[in-house]
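# Overview (structure and organization)
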Amino acid sequence: MRETDFMGGFAKGLKIIEAFDEGKQRLSIAEASTISGLDRATARRCLLTLAQLGYADYDGKFFSLTPKILRLGHAWLSVTPLPAILQPHLDQLSEKVGQSASASVLDGTEIVYIARASQRRIMSINLTPGSRLPCFSASMGRVLLAALSDQEARDVLARSSLVANTAMTKTDPDALMAEIAKVRVEGYAIIDQELEIGLCSIAVPVYNDRGKVVAAINIGAPAALIKASEMAERFLPALLATQTALRSLLR
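Residues numbered from 1 in each chain as written. Predicted model: local features only at pLDDT ≥ 70, side-chain atom pairs only at ≥ 80, totals over all residues. Heavy atoms only, no water.

The protein chain has the name IclR family transcriptional regulator in an unreviewed UniProt entry, where Allorhizobium terrae is given as its organism.

The following block contains the structure:
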């Protein structure tokens, strides 16, 4: 791409949109500037433009995104069949095992939820399509990292903020690479309370009909009821059956 093809103003507007998340639903100009890395004047113009176009509300101090912003994500969802294909299979999987089941894809250093079937809320945050979690400490994240080359996986970890969410979170890059290598051999990943105390999860990759990993699916369960050491025996057969069923459907 030529330098003259790059639209700097458009890129800055996207940075401002990305500054909002579940924990930062209302932002002042100063907060948006700090999070996005843009100067205050630029952040102000971007926010006011979003408000003028109906993508944000402004109460005189704080900005918040409006439902109109969903049109941007809908454009992607409408041209990809993946979430629509995955959802009924997740519903069946969740119903079969009696636990929540989810699907995600890798986006930079995070996983993005694209489908979910929830039996009960077992995390403090409410996970829905569009929710993001750090890939290094999530079972689906480790499955998706395992689909990359060693160098690509190391690059993702190098760009990640390896912050421990709990005392059980693995943050050492070498230890994480060892976990990723283990996932490649075993074909699944198990997380024992690394994202949140009280939560265990197990994930497997989702392949298309050419053998390429296109997503990951997982089952989450309360650690108080099901130990991490029991996850594979309890849930892996159902996950692998779903994996097999999906492979013939995905191009």
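### Focus: the side chain of Ser36
To keep it simple, the criterion reads: By the criteria applied, helices consist of DSSP H or I runs no shorter than four residues and strands consist of E runs no shorter than two, each listed in order from the N terminus. Any pair of nitrogen or oxygen atoms within 3.5 Å is treated as a polar contact; in protein, a donor-acceptor pairing is required on top of that, and neighbouring residues in sequence qualify only through side-chain atoms on both sides. By definition in these notes, contact holds between two residues if any of their heavy atoms fall within 4.5 Å.
Inspection of the secondary structure assignment puts Ser36 in helix α2 (residues 29-36). A distance of 3.4 Å separates a polar side-chain atom of Ser36 from the backbone oxygen of Ser33. What Ser36 contacts, discounting residues up to four positions off in sequence, is Lys15 and Ile16.

### A short note on the UniProt feature "domain: HTH iclR-type" (unreviewed entry) in the protein chain
As a reminder of what qualifies: UniProt positions are given in the numbering used here, feature names are shortened, and annotations may be inferred rather than shown by experiment.
Look at the UniProt record and you will see "domain: HTH iclR-type" (unreviewed entry) annotated at residues 7-67. For the annotated span residues 7-67, helix accounts for 54% and strand for 10% of the residues, and the straight-line distance between the end C-alpha atoms is 25 Å.

### Observations concerning the environment of Asn218
Relative to the assigned elements, Asn218 resides in strand β8 (residues 213-222). Along the backbone, Asn218 and Ile191 are 27 residues apart, and their C-alpha atoms lie at a distance of 10 Å. Those residues in contact with Asn218 that sit more than four places away from it in its chain are Ser100, Ala101, Ser102, Ser139, Met140, Ser201, Ile202, Ala203 and Leu239. Engagement of the side chain of Asn218 in a polar contact is seen with the side chain of Ser139, the distance being 3.4 Å.

### Quick notes on the packing of helix α5 (residues 82-97) against helix α9 (residues 228-247)
Worth spelling out the cut-off: A fitted line through C-alpha atoms represents every axis, and for helices the fit uses only the stretch in contact; the resulting angles, taken between N-to-C directions, go from 0 to 180 degrees. Every angle not falling under 35 degrees, over 145, or within 65 to 115 is termed oblique; those three ranges are roughly parallel, roughly antiparallel and roughly perpendicular. Should the near helix be turned anticlockwise from the far one by less than a right angle, the crossing is termed left-handed; should it be turned clockwise, right-handed.
With their axes 11 Å apart at the nearest point, α5 and α9 run at an angle of 160 degrees to one another. The angle between α5 and α9 falls in the class roughly antiparallel. Crossing of α5 against α9: the hand is right-handed. Mapping the contact onto sequence places Ile85, Leu86, His89, Leu93, Lys96 and Val97 in α5 and Phe235, Ala238, Leu239, Thr242, Ala245 and Leu246 in α9.

### A short note on the packing of aromatic side chains
The geometry of an aromatic ring pair is captured by the separation of the ring centres together with the interplanar angle, meaning the angle of the planes. To keep things clear, this is the line we draw: For Phe, Tyr and Trp, where Trp contributes only its six-membered ring, two rings pair if their centres lie within 6.5 Å, and the inter-plane angle classes them as stacked under 30 degrees, edge-to-face over 60, or tilted in between. When accessible area is computed with a 1.4 Å probe and restricted to protein chains, residues below 20% of their type maximum are described as buried, those above 50% as exposed, and intermediate ones as partly exposed. To sit over a ring, a charge needs its Lys NZ or Arg CZ within 6 Å of the ring centre and within 35 degrees of the ring normal.
Under the definition given, this model contains 1 aromatic pair. A centroid spacing of 4.0 Å and a plane angle of 5 degrees characterise the contact between Tyr58 and Phe63, whose relative ring orientation is stacked. Of the residues examined, Tyr58 reaches a relative accessible area of 40% and is grouped as partly exposed. A relative accessible area of 0% places Phe63 in the buried class. Taking NZ or CZ as reference, Lys68 lies 4.7 Å from the ring centre of Tyr55, over its face. Sitting over the ring of Tyr207, Arg247 keeps its end group 5.1 Å from the ring centre.

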